[in-house]
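Okay, here's what each chain looks like letter by letter:
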Amino acid sequence: MKKIGITCYPTVGGSGIIATELGMLLAEQGHEIHFITSSLPFRLNSQYPNIFFHEVEITHYPVFQYRPYDLALAAKMAEVIDREKLDILHVHYAMPHAISAILAKEIAEHKVKIITTLHGTDITVLGYDSTFKNMIKYGIEKSDAVTAVSHDLVKVTKSRLGVKCDISVIYNFVNEKEYYKKDMPSLRECYQIKPDEKVVIHISNFRRVKRITDIIYTFKHILEEADAKLLLVGDGPESSSASELVHRLGIEEHVLFLGKQKNISELLSIADVKLLLSEQESFGLVILEAMSCNVACIGTNTGGIPEVINHKETGFIVELGDTKQAAKYAIELFKDKDLYQNITENALKRAKNEFHSKIIVQQYIDLYDEVLKK
Ligand code: GMT
């Protein structure tokens, strides 16, 4: 049994989901898990006696113009390392979590190993920022082990930051108990989806990198040949411009803006095609969630997406911005039942064989063992 601290962004996002699911699965195996986060991780929904939550509190002191979250996190990490005698502190995101963890390791008296998992935005966005670049590199190189969620992310991290240390790839996984195709006729009714209408879905945080306009243009092309509804799930900075575009194209009655939703596997269960047309995506956890729910995926040839979707075998890959080709593949999938069945069956098989939670969690456990032996 190991004592493992986990730090992640607890609110939303794939990295928080992975960190929380990993913690719960490790707890199921008997490990003692200590979440050290700013609030209770949103996916932490089950009661485990061996999961503990340590909230990072930031004292408000009038002298501070800005509340020093990173330092408060380091202080809390050091406190938990010493009190709980942690073996491992596994942080998700280099910025700022790895840097806070390195500082905590220096402060704490008990010896702990730091593992950093890179999820993407810390490298692909912040890695460009000269203010942070060297600090992110420092956090990565001072960690006892580093993982990234795709080979592409390893390549980008090394080339952009000049990082020299080893970075192992440990892919993402989904909770199979939650992500499978469910029979949801009432949900279709609730959204007034007609029996012969196809459902296209996009799920994201509606940031610019997600290219929501490409999703909408692709859907507009789809509507030229098929009766369909577009479910837009999530919310973010691009939501209002997306709704303006839908209005301008006159396709309001076909597009449902659902905002943030908790029942993602239920929504995927009523979808036929999932679109992820991002310009940056280190992995695309939502694709794996869709593959596990028998939804055919179309993604862009960017970042780690082609490591998740094998073109024409488990889904389709298009060049960035090629909305006509994305629509063409969607129409092919709608019209050709055999093709649809083949793609979704292969995708489900691949999700189970290569990204199964048992396989991925074991890879993390092996890494913990290796690091503890050093
Ligand atoms: O996609 C986002 O903007 C959210 C971000 C996050 O912080 O969770 O997602 C990143 O990590 C996920 C889990 O590893 C990956 O599946 C996403 O591809 C990655 N997002 C980007 O690279 C843009």
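The model shown is predicted, which means the values in this text are computed figures rather than measured ones. (Residues numbered from 1 in each chain as written. Predicted model: local features only at pLDDT ≥ 70, side-chain atom pairs only at ≥ 80, totals over all residues. Heavy atoms only, no water.)

Novice: I'd like to hear about empty space enclosed by the protein, residue by residue, with values.
Specialist: If you walk through the whole model with that rule in mind, you get one cavity of 30 Å³ or more. Looking at the largest cavity, its volume works out to about 40 Å³. Lining the largest cavity, in full, are Ile17, Ile18, Glu21, Arg43, Phe173, Val174, Asn175, Tyr179, Leu285 and Glu289. Every element with two or more residues in the lining of the largest cavity is listed here: α1 (14–28) and α11 (285–292). (1 Å grid on protein atoms, 1.4 Å probe; cavity = no way out; pocket = protein on both sides within 12 Å on 5 of 7 lines; lining within 4 Å. Points joined across faces, edges and corners; volume = space filled by probe spheres on them. Helix = DSSP H or I, 4+ residues; strand = E, 2+ residues; numbered from the N terminus.)

Novice: I'd like a rundown of the side chain of lysine 76, residues and numbers included.
Specialist: Tracing the sequence through the fold places lysine 76 in helix α2 (residues 69–84). Those residues in contact with lysine 76 that sit more than four places away from it in its chain are Ile36, His54, Glu55 and Val56. (Contact = heavy atoms within 4.5 Å.)

Novice: Kindly report on the site of the ligand, identifying the contributing residues and their values.
Specialist: Looking at the ligand, there are 17 residues lining it, with Ser15, His119, Arg207, Lys210 and Glu281 nearest. Within the contact set of the ligand, an oxygen atom lies 2.7 Å away from a backbone nitrogen or oxygen of serine 15. Between the ligand and the protein, one listed contact pairs an oxygen atom with a backbone N or O atom of phenylalanine 283 at 3.1 Å. Relative to its unbound accessible surface of 480 Å², the ligand loses 92% to contact with the protein. (Near = heavy atom within 4 Å. Polar contact = N/O pair within 3.5 Å; in protein donor to acceptor, adjacent residues only side chain to side chain. Areas by Shrake-Rupley, 256 points an atom, 1.4 Å probe, with all protein chains shown as cover.)

Novice: Give me the lowdown on the sheet that holds strand β11 (residues 273–276), citing residues and values where you can.
Specialist: Hydrogen bonds between backbone groups are what pair the strands of a sheet, and the pairing can be parallel or antiparallel. Across the sheet, which stays open at both edges, the six strands sit in the order β10-β9-β8-β11-β12-β13 with parallel pairing between neighbours. Two strands bound the open sheet, and with one partner strand each, they are β10 (255–259) and β13 (316–318). Across the sheet, the mean angle separating the axes of adjacent strands is 20° when strand polarity is ignored. Pairing geometry for strand β12 (residues 296–300) and β13, over three bridges, is parallel. Across the sheet, isoleucine 298 pairs through a bridge with phenylalanine 316, a residue of β13. Running at roughly 160° to β13, helix α13 (residues 323–335) makes contact with β8 (198–203), β11, β12 and β13 of the sheet. (Pairing = 2+ DSSP bridges. Axes fitted to C-alpha atoms, helices over the stretch in contact; angles between N-to-C directions.)

Novice: For the environment of glutamate 289, give the residues involved together with the corresponding values.
Specialist: Residue position: glutamate 289 is located in helix α11. With a relative accessible area of 5%, glutamate 289 lands in the buried category. Once the C-alpha coordinates of glutamate 289 and histidine 31 are considered, the two residues, 258 residues apart in sequence, prove to be 26 Å apart. (Buried < 20%, exposed > 50% of the residue type's maximum accessible area, 1.4 Å probe, protein only.)

Novice: How would you sum up the pattern of salt bridges? Please name residues and give values.
Specialist: Scanning the entire structure with this criterion turns up 18 salt bridges. Notably, a salt bridge pairs glutamate 79 with lysine 76, separated by 3.5 Å at the nearest N-O pair. On the criterion of helical spacing, the pair formed by glutamate 79 and lysine 76 is a turn pair, its members being three residues apart in helix α2. Glutamate 79 sits in the partly exposed class, given a relative accessible area of 36%. Judged by relative accessible area, lysine 76 falls into the buried class, the value being 17%. A network of salt bridges, in which partner residues are shared, links Lys76, Glu79, Arg83 and Glu84. (Salt bridge = Lys/Arg side-chain N within 4 Å of Asp/Glu carboxyl O.)

Novice: Break down the sheet that holds strand β3 (residues 51–55) for me, with residues and values.
Specialist: Judged by pairing direction, the sheet is parallel, and its seven strands sit side by side in the order β3-β2-β1-β4-β5-β6-β7 without closing on themselves. Pairing within the sheet leaves two strands with one partner each, and these edge strands are β3 and β7 (168–169). Across four bridges, the pairing between strand β1 (residues 3–7) and strand β4 (residues 88–92) is parallel. Paired with isoleucine 6 across the strands is histidine 90, a residue of β4. α2 rests against β1, β2 (32–37), β3 and β4 of the sheet, and its axis sits at about 160° to β2.

Novice: Explain the state of the cysteines residue by residue, including any values.
Specialist: Per the counting criterion, the structure on display carries zero disulfides. This cysteine, cysteine 190, is not joined by any disulfide, and cysteine 293 carries the nearest cysteine sulfur, 18 Å off. With no disulfide of its own, cysteine 293 has cysteine 297 as its nearest cysteine by sulfur position, at a separation of 9.7 Å. For cysteine 293, a relative accessible area of 0% gives the class buried. (Disulfide = S-S within 2.5 Å.)

Novice: I'd love a proper account of the domain arrangement of the protein, names of residues and values included.
Specialist: Each assigned domain of the protein is listed with its residue range as follows: domain 1 (3–173 + 356–373) and domain 2 (185–354). One C-alpha centre belongs to domain 1, the other to domain 2, and the line joining them spans 30 Å. Both sides of the domain 1 and domain 2 interface together cover about 1,300 Å² of buried area, and 55% of this is carbon and sulfur. The three residues of domain 1 that bury the most area against domain 2 are Tyr171, Asn172 and His356, which together make up 30% of that side's buried surface. Our enumeration of links across domain 1 and domain 2 arrives at six residue pairs in polar contact (both at pLDDT 80 or more). Partitioning the side of domain 1 that touches domain 2 into residue classes produces nine nonpolar, nine polar and two charged. (Domains from an automatic or database assignment. Buried area = accessible area lost by both parts, 1.4 Å probe. Nonpolar A, V, L, I, M, F, W, Y, C, P; charged D, E, K, R; others polar.)

Novice: Before we move on, can you summarise the UniProt feature "domain: Glycosyl transferase family" (unreviewed entry) in the protein with the specific residues and values?
Specialist: This chain's UniProt record puts "domain: Glycosyl transferase family" (unreviewed entry) on residues 187–349. Secondary structure over residues 187–349 splits into 43% helix and 18% strand, and the C-alpha atoms at its two ends are 26 Å apart. (UniProt positions renumbered as here; feature names shortened; annotations may be inferred.)

Novice: Kindly report on the packing of aromatic side chains, identifying the contributing residues and their values.
Specialist: For the structure shown, the criterion picks out five aromatic pairs. Measuring from ring centre to ring centre gives 5.2 Å for tyrosine 9 and tyrosine 93, while their planes differ by 70°; the resulting arrangement is edge-to-face. Taken as a pair, tyrosine 9 in the loop between β1 and α1 and tyrosine 93 in the loop between β4 and α3 (94–107) lie far apart in primary sequence, 84 residues in all. With a centroid separation of 5.9 Å and 50° between ring planes, the pair formed by tyrosine 171 and phenylalanine 283 is classed as tilted. A residue pair is termed long-range when its members are at least 10 positions apart, and tyrosine 171 in the loop between β7 and α7 (185–190) and phenylalanine 283 in the loop between β11 and α11 qualify at 112 residues. Judged by its relative accessible area of 1%, phenylalanine 283 is buried. An aromatic cluster of at least three residues, connected via ring pairs, comprises Tyr171, Phe283 and Phe355. Of note, lysine 182 hangs over the ring of tyrosine 180, and the distance from its end group to the ring centre comes to 5.1 Å. (Phe/Tyr/Trp six-rings, centres within 6.5 Å; stacked < 30°, edge-to-face > 60°. Lys NZ or Arg CZ within 6 Å of the ring centre and 35° of its normal.)

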